[in-house]
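What follows is each chain in one-letter form.
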Amino acid sequence: MPVAANAAQTLPVRAGEHGEYSRLVIPNAPDDWRIATSNRKIEIAFPDQDFSFDLSELMEKRKAHRVLSAKAITNGSAQSLVLSLTCDCPVRTSKSSENSIIIDIFNPGPVNLIDNDGAITAASDEQTNKENPTPENLRAARDRMISLLAEARHQGVVQLKIDDERAAAEEASKVTEITQASFETLTNDVPLVDEAPLTEHATIDAEPTTCIDPTLFAQPSADQDQISYGTIANLRQRFDITDNEDERRDLANTLAIAYLHIGFFEEASSVASSRGKNGDENMIVTAALANLATGSSARAKKTLAKYRSCGPLFELAYSAAAGPEDELATTMSETHVAALAEVTEPLRAPIAEVLALNALEKKNKGLARSFYELAVGARHGDKTAAIAIIERALGQSADENAVDRPTSVQIAEIARTPGPLQSKALALLADEYRQKAEIAYDGLLDDLAAQSSNKVGTLSNARAALSGAEALVSAGRINDGIAVLDNTASTVLPARAASQTLARAIIMDALQKDNETRLSAVSAYFQHKDFIDGREDERDSEVNLAIAKELAQYGATELVTKTVSGIGDKWQPNIDALLALAALNGDDAKLAIEIATKGNDSTELTEIAIAAHERIRDNNGTKSSIKQALAKGLTSDKIPAAAWRIKDWALAIDAYERLPDDEKTPELDARVALASLNAGARELPSGIKQRLTNDPTRLAALTHMFVTAPPFNIRAIDVLADYSKGVTKETLFMQTGLGTKGEGR
């Protein structure tokens, strides 16, 4: 909101919450500036008045919760920005290298409403028994708070003075009442999900629960005065001047509720937590809801567990705090949407965002959309990080093929910034990359890979990591993808099995591709061997065998041995064959023969033994291996082919005839036909004739091989011509068939 209509320049005042402090930044500020603090006030003075301030992040969006109000005051040639604070806050100022003024407002205890000595002491047994709440007590306390709120709302605000020089200006400027405040609490600076162990459940109080009246947290109706900053100031002033302890207690409790209503959740938590120590259940629940709104879900979950049976509002509050995987959480429904719609807007917005994100985790887009609409309505157009992510996940754009540039930029920024929503943003961008092969921003893949360094995670983080891993693999970064899955399995134990399964599937798929990809898969396997290794369960040992097979192609006998050792007797025939193959490809044919001789009987091992004998030109050994295989009932198209190569025609025919028809190939048919001819057969074997019925050209060529050339006789020129045509067919077949391999009759 510009404060000087004729200003030549507008200085933006940026604001944000950073856990223990609020930060204000005035970029590109004039060089000559002074700052002074006094009685919950900060004044930044500038010598040049020819500019204005944009205070929208302070006053409209309320992004700095420790700033109650902000205004500009002109005094002669000086222009000043005056900030009113909500607390007695330490202030630190600095100037950046880019000439920006940085103001950090710290608040170790946002509002101190405890004993005068400042000590927080546990309630004594006598005090606890005296103040043990009953439904009647709680209703009476609620009625007193409602009465005090109504009175404070009606009376408005009493401004405090910063000093005598500002008295007239302060009296003339009342704090603007904001009836529909919008507070962004789900930023990347505030944890959305506490890093508590996933297996932890809140302890359920065995004692009967005294339920809290949900109307304490309801949005004021249209005919009621709205709770504003003036309400807060009025309550605080009355608290400061009264000496009546009962009245001070009621005022403190009412102040906590008022803070909650306007979105000052840290202040609400501080006040309510102090009062809750004395057993005031209204305050206990108020503190829990405030903690939930600021992202302190673990604390909220522990407190709200005992109130889960107190109706839809408390069911949904517990579910928001506990997360989508909690076994005790109630399944959300439209009943809960309706209950949340009654809650004051600043509190409604962050809870609705959490529940919408939880519904998306559960693949319930309908319910997610209902909670999303509540959040959007409560935010009044302020698109928070959570809303941007929910919109993208729901596909809220009217034209789903259109690029929502502002949202895309916002999600990219969330993905680049460490925080509770980073993994969700990265998961969205990872899925889009896999679908469209479009990089949302430079460095996306590096940010996805950086998830491998996360030390603590949730199931939500795990699901996001799986999407990121698949995107990395699709970009050719197999090792980075496996590293993310390995880390996820270590930090989120319930996700270990899914992470391992996906990692093994990635390796198996990569081993079916080109040489470079296969080598990348082998490298990733050895870098994450303890994670991927399947020897713990025989059903998962295929990945070990697949890696060993790839290694065997390179003759890496020692690595093959390490990869397959201990995976179970079930796989011993496969292991023997792989070890023999590795030896053969490592130019140690004799070792391959030795392994094959000692190994379990298998067709694959027989083929390797035959190849090893052929490698050292041991025809007798080849023949012996073929005969042993046939005696054991082993068949393969490679066995008759090997017999044909060593010119043992009878053995080739025998091996061919034992072969199932579906394993006989046209090339093998031709070789056996030649073997039969060389063995003295006078015609093409009947089995081959039958198989080649549908291939007349090949059948004619092979049949002609067995035809004897007629004697030359000029009178039988037609017979010679027919024979010549047969020779042409035979020659063509030999050239295009076996002839191309350098093999023939």
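On a predicted model such as this, the values are computed, not experimentally measured, just so you know. (Residues numbered from 1 in each chain as written. Predicted model: local features only at pLDDT ≥ 70, side-chain atom pairs only at ≥ 80, totals over all residues. Heavy atoms only, no water.)

**Student:** Just to check I follow, could you spell out the overall build of the protein for this structure?
**Tutor:** Helix and strand counts for the protein come out as 34 helices and ten strands. Looking at the protein as a whole, 49% of its 745 residues qualify as buried. Residue pairs in contact within the protein that sit at least 24 positions apart in sequence constitute 65% of those at least 6 positions apart. Roughly 35,200 Å² of accessible area belongs to the protein as shown, and the carbon and sulfur atoms make up 48% of that amount. (Helix = DSSP H or I, 4+ residues; strand = E, 2+ residues; numbered from the N terminus. Buried < 20%, exposed > 50% of the residue type's maximum accessible area, 1.4 Å probe, protein only. Contact = heavy atoms within 4.5 Å. Areas by Shrake-Rupley, 256 points an atom, 1.4 Å probe, with all protein chains shown as cover.)

**Student:** So what exactly am I meant to see when it comes to the packing of helix H18 (residues 459-474) against helix H20 (residues 496-510) here?
**Tutor:** Axes are the key here: two packed helices are described by the angle between their axes and the distance separating the axes. Where H18 meets H20, the axes come as close as 11 Å, and the angle between the chain directions of the two elements is 10°. Relative to H20, H18 is oriented roughly parallel. Contacts from Leu466, Glu470 and Val473 of H18 reach H20 at Ala498, Ser499, Leu502 and Ile506. Tallied by class, the residues present in the contact of H18 with H20 amount to five nonpolar, one polar and one charged. (Axes fitted to C-alpha atoms, helices over the stretch in contact; angles between N-to-C directions. Parallel < 35°, antiparallel > 145°, perpendicular 65-115°, else oblique. Nonpolar A, V, L, I, M, F, W, Y, C, P; charged D, E, K, R; others polar.)

**Student:** Which parts of the structure should I look at to understand the confidence of the model for the protein?
**Tutor:** Any segment with low pLDDT has predicted coordinates that should not be analysed in fine detail. Averaged over every residue, the pLDDT of the protein is 78; the share at 70 or more is 76%. Here helix H4 (residues 167-172) stands out as the least confident element of the protein, with mean pLDDT 37; helix H11 (residues 334-341) is the most confident, with 95. With pLDDT under 50 throughout, residues 738-745 is counted as low confidence; its partners more than four residues away or in other chains account for 21 contacts. (pLDDT = per-residue confidence, 0-100.)

**Student:** Please explain helix H28 (residues 619-631) as it appears in this structure.
**Tutor:** An α-helix turns once every 3.6 residues. As a result, residues three or four positions apart point the same way. Over its 13 residues, H28 runs 18 Å from end to end, which matches the ideal 18 Å to within 8%, given 1.5 Å per residue. Within H28 the residues assigned to the buried category are Gly621, Thr622, Ser625, Ile626, Ala629 and Leu630. Next to the buried residues of H28 lie helix H27 (603-615), helix H29 (638-645) and helix H30 (649-658). Phi turns positive, to about 80°, at Gly633, one or two residues after H28. (Expected span 1.5 Å × (residues − 1).)

**Student:** Just checking my understanding: could you explain the pattern of salt bridges for this structure?
**Tutor:** Should their charged atoms come close, side chains of opposite charge can pair. Applying the stated criterion to the full structure yields 32 salt bridges. In this structure, Lys598 and Glu594 form a salt bridge, with 3.2 Å as the shortest nitrogen-oxygen distance. Taken together, the residues Lys598 and Glu594, both in helix H26 (residues 589-598) and four residues apart, mark about one turn of the helix. Overall, the relative accessible area of 40% leaves Glu594 in the partly exposed class. Taking the shortest distance from any N to any O, the salt bridge between Asp654 and Arg658 comes out at 3.1 Å. (Salt bridge = Lys/Arg side-chain N within 4 Å of Asp/Glu carboxyl O.)

**Student:** Would you mind showing me how to read the packing of helix H21 (residues 515-527) against helix H23 (residues 542-552) here?
**Tutor:** Relative orientation of the contacting elements H21 and H23 amounts to 125°, with a least axis distance of 10 Å. Put simply, H21 runs oblique to H23. Seen along the crossing, H21 lies across H23 with a hand that is left-handed. Across the interface between the two elements, Arg518, Ala521, Val522, Tyr525 and Phe526 from H21 touch Asn544, Ile547, Glu550 and Leu551 from H23. Residues of the contact of H21 with H23, tallied by class, amount to six nonpolar, one polar and two charged. (Left-handed = near helix turned anticlockwise from the far one by under 90°.)

**Student:** What is the right way to read helix H24 (residues 557-564) from this model?
**Tutor:** The set of residues buried in H24 consists of Val560, Thr563 and Val564. Across the axial projection of H24, the buried residues extend over an arc of 85°, all falling on one side. Of the exposed residues in H24, the ones pointing more than 90 degrees away from its buried face are Glu558 and Lys562. In the core, the buried residues of H24 are packed alongside H21, H23 and helix H25 (572-585). Where H24 terminates, the next one or two residues include Gly566, which has phi positive at roughly 80°. (Arc of directions from axis to C-beta.)

**Student:** Help me understand the sheet that holds strand E3 (residues 21-26) in this model?
**Tutor:** Paired through their backbone hydrogen bonds, the strands of a sheet run either parallel or antiparallel. The four strands lie next to each other as E2-E3-E10-E9, forming an open sheet whose pairing is antiparallel. Sheet topology places strand E2 (14-17) and strand E9 (91-95) at the edges, where each strand pairs with a single neighbour. Here the strands of the sheet are splayed against their neighbours by 15° on average, with no regard to which way each runs. In this structure, E3 lies alongside strand E10 (residues 101-106), joined through six bridges in antiparallel fashion. Looking at E10, one finds that Tyr21 is bridged to Phe106. (Pairing = 2+ DSSP bridges.)

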